[in-house]
Amino acid sequence: MTTTPRVVIVGAGVVGVNVADELVQRGWTNILVLDKGPLAVPGGSTSHAPGVVFATNGSKSMTTFAQYTIEKFSGLTTADGRGSFLHLGGLEVATTPERLAELHRRAGWAASRGHEGHVIDTAEAKRLYPLLNEEMVLGAYYTPRDGIALAVQADRLLIERTRAAGVQYRDATTVTGIDQAGGAVTGVFVDDGERIPADIVISAAGFWGAKLGAMIGLTVPLVPLAHQYAWTTPLAALAGRNEQPAGASLPILRHQDRDLYFREWGDRLGVGSYDHDPMPVDIDTLEEYSADTISSEQMPSSLPFTPEPFERAWRNAGELLPVIRDAQLQKGFDGIFSFTPDGGSLVGEAPMLDGFFVAEAVWVTHSAGIARALAQLITQGFSEVDLGDSDLNRFEQAQLTREYVQRTSEQNFVEVYDILHPLEPKKEPRPLRTSPFYERHAQLGAVFLEGAGWERPHWFESNAALLDELPAEWTPPEREPWAARFSSPIAAVEAWKTRTAVAMYDMTPLKRLEVTGPGAGALLQRLTTGQMLRAPGAVTYTLLLDAAGGIRSDITVARLDENTYQVGANGNIDQVHLEREARRQSESDPAQWVTVRDITGGTACIGLWGPRARDVVSRVSADDFSSDALRYFRAARVSIAGVQVTAMRLSYVGELGWELYCSADTARYLWDALWEAGQEFGIVPAGRAAFNALRLEKGYRSWGADMNTEHEPGEAGLGFAVKGAKDDFVGKEALEARAAASTRRLRCLTIDDGRSVVLGKEPVFVDGHPVGYVTSAAYGYTVRTPIAYAWLPASVGVGDSVEIGYFDDRVPATVAEEPLFDPEMTRLRG
């Protein structure tokens, strides 16, 4: 008989019991679920959540998680046949033209993901929700499958089901510590002093999750914030509609222009509001609650109602639903939910302790879907749905301070219903991370956006003077207002100069890892799809796969000497993955020890690219930068203006040039030297707007946008990065079968009218039917047309016509051969 690992789940709310259930479905039953409250009412967010489920989300993964939650809860039925999900439909109303446009955008997301949704007119919205003030409403977004998750009922039914399978539950039990040995979990300590042995511990403790993480030195970046919810007195308009006191028959309703949502409760309406300042909660003040004192009327997650902040919400609710004006506010509470720096959930394994997993900041909407993903991760080593948006380890160290987490999480609370542009940067804290070139950029009029805490130039106002010199064929068409936000025609100047002269790009924010030790080569050889045991000086573009052959990242690896590699990574998720694997290898074979070190903050990088790049560097260096001396995808240590530099012959923009790495203390001197040397060759500073356009002209992929763990290399156009002759690498065994079964491709599209710029995530239609979605898009300055990359059925090939859904419009496009620019690679290899 096979024995499954001993699992302890901390938290018996809707997330914890769903994880237990998903593990049971995979044959794991040696499970103990602990909760500090009573099982009937654990006292966390599950116990008070209104349960409204709107599945449409900017994240494809989160939409998928919500769809699974709806499906699963619908099948959880009581003895008398009542399901745990009410398919009432969801209605999001627009009272401004901007919101109506946003609803069209949301409908596009849903269409591309197989979730039914329609933008409807005012009359249809009024028919679906007769209480509406139709004079305010311009239109609405209707999703028939959305509705109300009966979280408490689902929780109870899942406890019954998993108990029958052998799962044990203990309430009135508080975890006080995590036991560990050899870098792995071995058990938990509870408040009566008992040590409970465990091979795996899962934190599903909700807003208490940060305290549980602190027991192992893990920062769980969430902030408990109170959100207001209240009930009206009984309404005559609802009398007799619903048999159950908490029953509902109208669609769930959102009025995002006023930060409100509504659901029926029998003959009353529940009104939820985010239209107030964030209300941080010190969870230490909640410790007075115990299993004996928690009830449906008194629980730690439900704080006394503060009426003053709700006054504006009540007035606004009455404007949209006039029946509320004749009612009173019967009762309310300030309910605690978890918010994070980017609004996403926190899912995954702790970076420094094997067997400690987290599923926190998960709303009821996504609970079953995320539980399934975590159960897959635990039992088979990968999730079928990409977890990049939710990965516990996605934040950089600079984003994990108490102050950063607090301020950005509060900002996410304020913006929860705001219309946010894809390039919308965080407002604060800024500037947090700056490269050594920041002051020079500011002097040149850099317009900064933000990513991972870094200030990143998007374009430079100093180049505006060159607009008059820009050849007519390089002048981009005027964009419509949404696409024009966070953009400038100056990017065309920077692209033009990159293609015809030379430009300097600040590549410092890109993650750099140093992998060293006698086992460094073996580690990278095992983890990547490329050949890592080449001679020093070799640079390789390669992939990290998961066990199912999905792309967990694409990286660039340079072998600097026998035992030293520099890895260009996509972010902290890559670092944690490499560190974890390095630790395991070092422990299993001490002679093959490896260390992984983040060197990003102590170094800097300039991308010097363009046909005159060699002319510039030759002015300030005696080293040989010819193609014979430093070939494409090779690295060398050189001296430029007296600065020690690691030069890598790479280019993400498709032009001659190098990535030039140096220590942070000498970086500004290097910038100044190259800047001065480049003046006679027309050098310009260039930003991310031009960079993104040029990389799409070359067909270069961006992990997270163009591909993720849900995709295999061949279908993503990255089959060349997989070296089949390698004996073994992670994911190789699964890759062949997965590739043979693939039915989709990442395709390059050009926009037929040569003008319409889309931004990403839009649906793609063939013969009027949604068949895929856009991943990345930009105006192609060199090729004189907008470009989009999109996932499409493999049957849709070069030359075929498609349409891209852009708000309420359809933009004709054509599948094109790629790359659009320099397919012979003559520019790069010159």
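Residue positions are given per chain, counting from 1 as you read along its sequence in written order. This being a predicted model, a pLDDT of at least 70 is required before a residue's local features are given, and a value of 80 or more before pairs of side-chain atoms are given or counted; all residues contribute to the totals for chains, interfaces and linings. Side-chain numbers here rest on the full set of heavy atoms in the structure, without hydrogens or water.

Helix and strand definitions here come from DSSP, where helices need a minimum of 4 consecutive H or I residues and strands a minimum of 2 consecutive E residues; each element is numbered from the N-terminal end. Helix and strand counts for the chain stand at 19 helices and 41 strands. The C-alpha radius of gyration of the chain comes to 28 Å, within 12% of the 28 Å expected for a compact globule of 830 residues. Seen along its three principal axes, the alpha-carbon backbone of the chain occupies a region of about 85 × 65 × 50 Å. Buried residues are those whose accessible area, probed at 1.4 Å on protein chains only, stays under 20% of the maximum for their type, while exposed residues exceed 50% and partly exposed ones sit between those limits. When the 830 residues of the chain are sorted by exposure, 60% land in the buried category. The long-range share in the chain, meaning contacts at least 24 apart out of those at least 6 apart in sequence, stands at 72%. For accessible areas, the Shrake-Rupley method is used with a probe of radius 1.4 Å. Any residue's cover is judged against the shown protein chains and nothing else. In the form shown here, the chain has an accessible surface area of approximately 31,200 Å², with 49% of it arising from carbon and sulfur atoms. Counted as positive: Lys and Arg. Counted as negative: Asp and Glu. His and the chain ends are not counted at all. For this purpose, a charge sits on NZ of Lys, CZ of Arg, CG of Asp or CD of Glu. Here the chain carries 77 positive and 108 negative side-chain charges, and the mean point of each set is 3 Å from the other. For the radius of gyration, the atoms used are the C-alpha atoms, and the globule rule reads 2.2 Å times the number of residues raised to 0.38. What makes two residues a contact is simply this: any of their non-hydrogen atoms within 4.5 Å.

Before going further, it helps to spend a moment on the sheet that holds strand β35 (residues 684–686). The sheet built from six strands is open, its strands ordered β32-β33-β34-β31-β25-β35 with mixed pairing. Across the chains shown, the open sheet's two edge strands, defined by having one partner strand only, are β32 (635–640) and β35. Across this sheet, the average inter-strand angle for adjacent strands is 30°, counted without regard to direction. Here four bridges tie strand β25 (residues 503–506) to strand β31 (residues 603–609), and the two strands are oriented antiparallel to one another. By the bridge assignment for β31, Tyr505 is matched with Gly607. Against the sheet, helix α16 (residues 664–678) makes contact with β25, β31, β32, β33 (643–648), β34 (657–663) and β35, and its axis sits at roughly 140° relative to β34, the strand it touches most. Here, strands pair whenever DSSP counts at least two bridges between them. To obtain each axis, a line is fitted to C-alpha atoms, and for helices this fit is confined to the stretch in contact; angles are then taken between N-to-C directions over 0 to 180 degrees.

This brings us to the sheet that holds strand β30 (residues 595–598). The strands making up a sheet are joined through hydrogen bonds of the backbone, oriented either antiparallel or parallel. Read from one edge of the open sheet, five strands run β27-β28-β29-β26-β30, paired in antiparallel fashion. Two strands bound the open sheet, and with one partner strand each, they are β27 (539–545) and β30. Across the sheet, the mean angle separating the axes of adjacent strands is 30° when strand polarity is ignored. Here five bridges tie strand β26 (residues 512–516) to strand β29 (residues 564–568), and the two strands are oriented antiparallel to one another.

Moving on to unusual backbone geometry. Each neighbour pair has its own omega, and for Arg430 with Pro431 the value is -10°, a cis peptide bond. Along the chain, Pro431 falls in the loop between α9 (402–414) and α10 (438–443). Omega for the peptide link from Glu818 to Pro819 comes to 0°, which places this bond in the cis form. Its place among the elements puts Pro819 in the loop between β41 (809–816) and α19 (826–829). Even without a glycine there, the phi angle at Phe633 is positive, about 60°. Locating Phe633 in the fold gives a position in the loop between α15 (613–620) and β32.

Here we come to the side chain of Thr528. Structurally, Thr528 is set in the loop between α13 (520–527) and β27. For Thr528, a relative accessible area of 0% corresponds to the buried category. Reaching out from Thr528, the side chain makes a polar contact with the backbone oxygen of Leu524 at a distance of 2.8 Å. Thr528 has contacts with Thr542, Leu543, Leu544, Ile555, Lys726 and Phe729, leaving out every residue within four places of it along the chain. Each polar contact in these results corresponds to two N or O atoms within 3.5 Å; when the atoms are within protein, one needs to be able to donate a hydrogen and the other to accept it, and residues that are neighboring in sequence are counted only if both atoms are side-chain atoms.

This part takes up helix α7 (residues 311–320). Residues Ala313, Trp314, Asn316, Ala317, Gly318 and Leu320 constitute the buried set of α7. Elements that come into contact with the buried residues of α7 comprise β5 (90–94), β14 (223–232), β15 (252–255), β16 (260–265), β17 (268–273) and β20 (329–339).

The next point concerns the packing of helix α2 (residues 60–74) against helix α8 (residues 367–380). Following both chains from N to C, one finds α2 and α8 inclined at 105°, their axes separated by 6 Å at the closest point. One finds that α2 runs roughly perpendicular with respect to α8. On α8, the residues that touch Met62, Phe65, Tyr68, Thr69, Lys72 and Phe73 of α2 are Ser367, Ala368, Gly369, Ile370, Arg372 and Ala373. Polarity classes work like this: nonpolar for Ala, Val, Leu, Ile, Met, Phe, Trp, Tyr, Cys and Pro, charged for Asp, Glu, Lys and Arg, and polar for all others, with Gly in that last group. Counted by class, the contact of α2 with α8 contains seven nonpolar, three polar and two charged residues. Here is the rule for angles: anything less than 35 degrees is roughly parallel, anything more than 145 is roughly antiparallel, 65 through 115 is roughly perpendicular, and the remaining ranges are oblique.

Counting buried residues along strand β36 (residues 744–751), six of its eight residues qualify, which places the element largely inside the surrounding structure. Note that β36 and strand β39 (residues 785–793) share seven bridges and pair antiparallel. Looking across to β39, one finds that Leu746 is bridged to Trp791. Judged from the four bridges that link them, β36 and β41 form a sheet pairing that is antiparallel. The residue bridging Cys748 from the neighbouring strand is Ala816, located in β41.

Within the secondary structure, Glu655 sits in the loop between β33 and β34. Within the structure, Glu655 has its side chain in polar contact with the side chain of Arg827 (distance 3.0 Å). Not counting residues up to four positions away in its chain, the partners in contact with Glu655 are Thr498, Arg499, Trp609, Gly610, Pro611, Phe821, Arg827 and Leu828.

Following both chains from N to C, one finds helix α12 (residues 490–500) and helix α17 (residues 688–697) inclined at 55°, their axes separated by 8 Å at the closest point. The angle between α12 and α17 falls in the class oblique. Read as a crossing pair, α12 and α17 show a hand that is right-handed. Facing Ala491, Glu494, Ala495, Thr498 and Arg499 of α12, the residues of α17 in contact are Ala689, Ala690, Leu694 and Glu697. Considering only residue class, the contact of α12 with α17 consists of five nonpolar, one polar and three charged. Left-handed describes a crossing whose near helix is turned anticlockwise from the far helix by less than a right angle; the clockwise case is right-handed.

A side-chain nitrogen of Lys or Arg and a carboxyl oxygen of Asp or Glu constitute a salt bridge if their distance falls within 4 Å. Evaluation of the coordinates by the stated rule reveals 44 salt bridges. The shortest N-O distance in the salt bridge between Arg312 and Asp275 comes to 2.9 Å. In this pair, Arg312 sits in helix α7 while Asp275 sits in the loop between β17 and β18 (279–280), placing the two residues 37 residues apart along the sequence. Arg499 serves as the salt-bridge partner of Glu697, at 2.8 Å between the closest nitrogen and oxygen. Of this pair, Glu697 sits in helix α17 while Arg499 sits in helix α12, and the two are 198 residues apart along the sequence. Classification of Arg499 as buried rests on a relative accessible area of 3%. Within this structure, Asp21, Glu22, Arg26, Lys72 and Arg161 form a network of salt bridges that share partners.

All right, on to the packing of aromatic side chains then. Only rings of Phe, Tyr and Trp enter the pairing, Trp through its six-membered ring, and a pair is recorded when the two centres are within 6.5 Å. The plane angle decides the type: under 30 degrees is stacked, over 60 is edge-to-face, the rest tilted. Overall, the coordinates contain 27 aromatic pairs when judged by the stated rule. Centroid distance Trp231 to Trp265: 5.7 Å. Interplanar angle 70°. Geometry classified as edge-to-face. Residue Trp231 is found in strand β14, and its partner Trp265 is found in strand β16; the two are separated by 34 residues along the sequence. Of the two residues examined, Trp231 and Trp265, each falls in the buried class.

Our focus in this paragraph is the environment of Met507. In this structure, Met507 sits in the loop between β25 and β26. With relative accessibility at 3%, the residue Met507 sits in the buried group. For Met507 and Glu659, which are 152 residues apart along the polypeptide, the C-alpha to C-alpha distance reads 8.0 Å. Apart from residues no more than four positions distant in its own chain, Met507 is found in contact with Arg512, Cys605, Ile606, Gly607, Trp609, Arg688 and Phe691.

With that out of the way, let us pick up the environment of Ala165. In this fold, Ala165 is placed in the loop between α5 (151–164) and β9 (168–170). Separated by 134 residues in sequence, Ala165 and Ile31 place their C-alpha atoms 10.0 Å apart. Ignoring any residue separated from it by four or fewer positions in sequence, one finds Ala165 in contact with Val24 and Thr29.

With that out of the way, let us pick up the state of the cysteines. Cysteine sulfur atoms that pair up within 2.5 Å are treated as a disulfide. On inspection of all chains with the given rule, the structure shows zero disulfides. No disulfide involves Cys605; its nearest neighbouring cysteine sulfur is the one of Cys662, lying 8.5 Å away.

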